[in-house]
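Analysis of the macromolecular model
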Amino acid sequence: AAGVIQSPRHLIKEKRETATLKCYPIPRHDTVYWYQQGPGQDPQFLISFYEKMQSDKGSIPDRFSAQQFSDYHSELNMSSLELGDSALYFCASSSLGGRGNEQFFGPGTRLTVL
Amino acid sequence: GQQLNQSPQSMFIQEGEDVSMNCTSSSIFNTWLWYKQEPGEGPVLLIALYKAGELTSNGRLTAQFGITRKDSFLNISASIPSDVGIYFCAGQLINDYKLSFGAGTTVTVRA
């Protein structure tokens, strides 16, 4: 079965640079969630989109923005990167029309800020 | 996010033993989910629970949604080496789809 696709899998950036992470949800899933996981920590919710509209917002820095496009893929844009932004970034998708509570995670993007 | 207390933090077990872990919260949850994560990979959904008291199995895994709606447990029976990983509980509040995670239980299986 098709899973959530994230790209790139690894990204290395310098401080103050920008980064764009992409997420392609499972086909027919209408909701995308972004989570950040620091080393040895549990995933923390950043932001979510349902039917291309922002549906919820968590502890996402103002330097970050995200959107969901007409084909349901989503992009997380990160600017003025800081060392503390180094983490695994996961995208998850669900279908609110179905078992909407079940979120399926992608393999993640490992961001390293030098 | 909501505070979920997951225990134990880590477990070292012999192959063939049963494993039990649990999560508690001061908040009432609408849904409990259990995930397994391996190094450098995304969490994989193991079991989803929707009703208080619900007991659900997935192979050697069994999970229950506590009747107070504030806790859940996961059991793994007859552990095998491929059970190693970090197991996370996650909960969703009523009318809220974002996940709040526990701190995880690291399981190490000795052959």
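Structure report, in brief. (Residues numbered from 1 in each chain as written. Chains lettered and ligands numbered in written order. Predicted model: local features only at pLDDT ≥ 70, side-chain atom pairs only at ≥ 80, totals over all residues. Heavy atoms only, no water.)

Comments concerning the interface of chain B and chain A
- Listed per partner, the contact involves 21 residues of chain B and 21 residues of chain A.
- When chain B packs against chain A, the two sides together hide about 1700 Å² of surface, and 54% of this comes from carbon and sulfur.
- The largest share of the area that chain B buries against chain A comes from Tyr50(B), Tyr97(B) and Lys98(B), three residues that together contribute 31% of it.
- Taken together, the connections running from chain B to chain A amount to one salt bridge.
- Two residues, Lys98(B) and Asp56(A), come together in a salt bridge whose shortest N-O distance is 3.1 Å.
- For the pair chain B and chain A, the number of links is six residue pairs in polar contact (both at pLDDT 80 or more).
- Counting only elements with at least two residues in the side of chain B that touches chain A, the list comes to β4 (31-37), β5 (44-49) and β9 (85-92) of chain B.
- When residues in the side of chain B that touches chain A are grouped by element, the largest group, four residues, is from β4(B). (Contact = heavy atoms within 4.5 Å. Buried area = accessible area lost by both parts, 1.4 Å probe. Salt bridge = Lys/Arg side-chain N within 4 Å of Asp/Glu carboxyl O. Polar contact = N/O pair within 3.5 Å; in protein donor to acceptor, adjacent residues only side chain to side chain. Helix = DSSP H or I, 4+ residues; strand = E, 2+ residues; numbered from the N terminus.)

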